[in-house]
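Topology and contacts: notes
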Amino acid sequence: MTTSALPPLNTVLVGDARQRLAELPDGAVDCIITSPPYWALRDYGNDQQIGSEPNVDSWADEIAAIGEQLARVLTPTGALWLNLGDSYARHPQDGSAKKSLLLAPQRVALRLTRAGWLLRNQVVWAKKNPMPSSVRDRLTTTHEFLYFFTRQPNYYFDLDAIRVPAVTPPHAGRRGRALYPPREAVPSLGGGISPRIDLNQGLAGMKARGQESHPLGKNCGDVWHLGTASFRGAHFATFPVELVRRPLLSTCPERVCQDCGQSWLRADQVINGRRLALGPLRATCGHSRWRPGRVLDPFMGAGSVALAAEAHDRDWLGIELNPTYAALTEQRLTEWRAKQPTKRKEDS
């Protein structure tokens, strides 16, 4: 167990993630969103950098070993989102037959599940603007994976925060206008606050009434059609801010109790006969002191996770091996902050 003090938040710690993570206390962050260096793809200017291992299995072992530290610094109800890309073998010693897809992301995922992580989703990031390719004997690769891991079956997850508009109109000919079934039977935690539950429970009744989706929108699913980053700075593999938004909003709480660590939830409001968690944030534990949710990126790069965190009033902590990229993060944040009004207003 590590008992070191938490370093100042909203800063980048320069150094190797393997050493800097060891300095963080247990359970320090509520969410981890990161994209470690892919194997044999880029040179980040350090002899000990991850991605320079002799073969893909050694790389996967290294990422899995870092996963042990990530599990320690993550709260028990927290989540890990891991963006990983793949490549092709150039020689059999790379880890597969020449020209074969290496399945690098899947090798990491298997190692992490064997180490006790629960793999909740393998999200496909389908790139709207993929890099062009001159390859002529296979299809161009236009996607990457984003893995959603947790440490236990029960964890913080706010699906309502990342719902997307439904495109299917109500069925014509169904009786009356589209009405949502009442949610009064949802168990209450007291104080008008309901727990997060499986919202698939009422789909049959909703369809019978001519309504195709939840009133706040539909589940965004596990295929995300997003563009790559438009940032043109010195970092050539920038993590898109939009790719960070959904993991951040769904698994990094807005507020966390400072006394017991429980996440604050939004109070229920009855709208069109349904109880929806759209009210102000409230504690479920009876305490009143709170802090913003915290997200960690141990491979900060150009700071996309930091930008998304500040845009949505979360605290963040980054680790970056390359001092030039760490300075780039600070530069991007300074420019972004200068354009923003005063942040973090109190909820009513």
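Here, every reference points to the structure presented above.
Described in the following lines is the structure provided in the data block. Computed from a predicted structure; not experimentally measured.

What counts, and where the lines are drawn
- Once a new chain begins, its residue numbering starts again from 1 and follows that chain's sequence as written.
- For this predicted model, a pLDDT threshold of at least 70 governs which residues receive local features, and a threshold of 80 or more governs which side-chain atom pairs are given and counted, while totals over whole chains, interfaces and linings are taken from all residues.
- Remark: hydrogens and water are excluded; side-chain values derive from all non-hydrogen atoms of the structure.
- Under the scheme applied here, a residue whose accessible area is under 20% of the maximum for its type counts as buried, over 50% as exposed, and between as partly exposed, the area being computed with a 1.4 Å probe on protein chains only.
- Secondary structure counts use DSSP, requiring at least four H or I residues in a row for a helix and at least two E residues in a row for a strand, with both numbered from the N terminus.
- Residues adjacent in sequence count toward polar contacts only when both atoms are side-chain atoms; beyond that, a polar contact is any pair of N or O atoms within 3.5 Å, and within protein one must be able to donate a hydrogen and the other to accept it.
- Contact criterion: two residues are considered in contact whenever any of their non-hydrogen atoms come within 4.5 Å of each other.
- Pairing between strands requires that DSSP locate at least two bridges from one strand to the other.
- Interaxial angles span 0 to 180 degrees and are taken between N-to-C directions of axes, which are lines fitted to C-alpha atoms, for helices over the stretch in contact.
- A cavity, in this analysis, means grid points on a 1 Å lattice covering only the protein atoms where a 1.4 Å probe fits yet has no way out; a pocket is instead an open set bounded by protein on both sides within 12 Å along at least five of seven lines, and a residue lines either one if it has an atom within 4 Å of a point.
- Grid points are joined across faces, edges and corners, and a volume is the space filled by probe spheres set on the points.
- Lys, Arg, Asp and Glu make up the charged group, whereas Ala, Val, Leu, Ile, Met, Phe, Trp, Tyr, Cys and Pro make up the nonpolar group; the residues left over, Gly among them, are polar.

By the criterion of burial, helix 6 (residues 304-311) is predominantly enclosed, with 7 of the 8 residues buried. Turning to helix 6, its buried residues are Ser 304, Val 305, Ala 306, Leu 307, Ala 308, Ala 309 and Glu 310. One or two residues past the end of helix 6 sits Asp 313, with phi positive at roughly 60°.

Next up on the list: the side chain of Arg 107. Summarising the element assignment, Arg 107 is placed in helix 3 (residues 104-114). Side-chain polar atoms of Arg 107 contact the side chain of Asp 57, separated by 2.9 Å. Residue contacts for Arg 107: discarding those within four places in its chain leaves Val 56, Asp 57, Ala 60, Gly 95, Ser 96 and Leu 102.

Glancing now at the sheet that holds strand 13 (residues 294-297). Read from one edge of the open sheet, 8 strands run 1-14-13-2-3-5-4-6, paired in mixed fashion. The open sheet is flanked by strand 1 (11-14) and strand 6 (223-226), the only strands paired with a single partner. With direction set aside, neighbouring strand axes in the sheet form an average angle of 20°. Bridging between strand 4 (residues 118-127) and strand 5 (residues 143-150) involves 8 bridges; their strand directions are antiparallel. Note that in strand 5 the partner of Leu 118 across the bridge is Thr 150. Sheet strands touched by helix 2 (residues 56-73): strand 2 (29-34), strand 3 (74-84) and strand 13. Its angle to strand 3, the strand with the most contacts, is close to 155°. Contacting strand 1 and strand 14 (315-320), helix 7 (residues 323-338) runs over the sheet at an angle of about 175° to strand 1.

To continue, consider empty space enclosed by the protein. What the rule picks out here adds up to 1 cavity of 30 Å³ or more. What lines the largest cavity is Thr 34, Ile 63, Ile 66, Gly 67, Leu 70, Leu 80, Leu 82, Leu 112, Pro 298 and Phe 299. Those elements that place two or more of their residues in the lining of the largest cavity are helix 2 and strand 3. Looking at which element gives the most residues to the lining of the largest cavity, the answer is helix 2, with 4 residues. Its residues assigned to classes, the lining of the largest cavity comprises 8 nonpolar, 2 polar and no charged.

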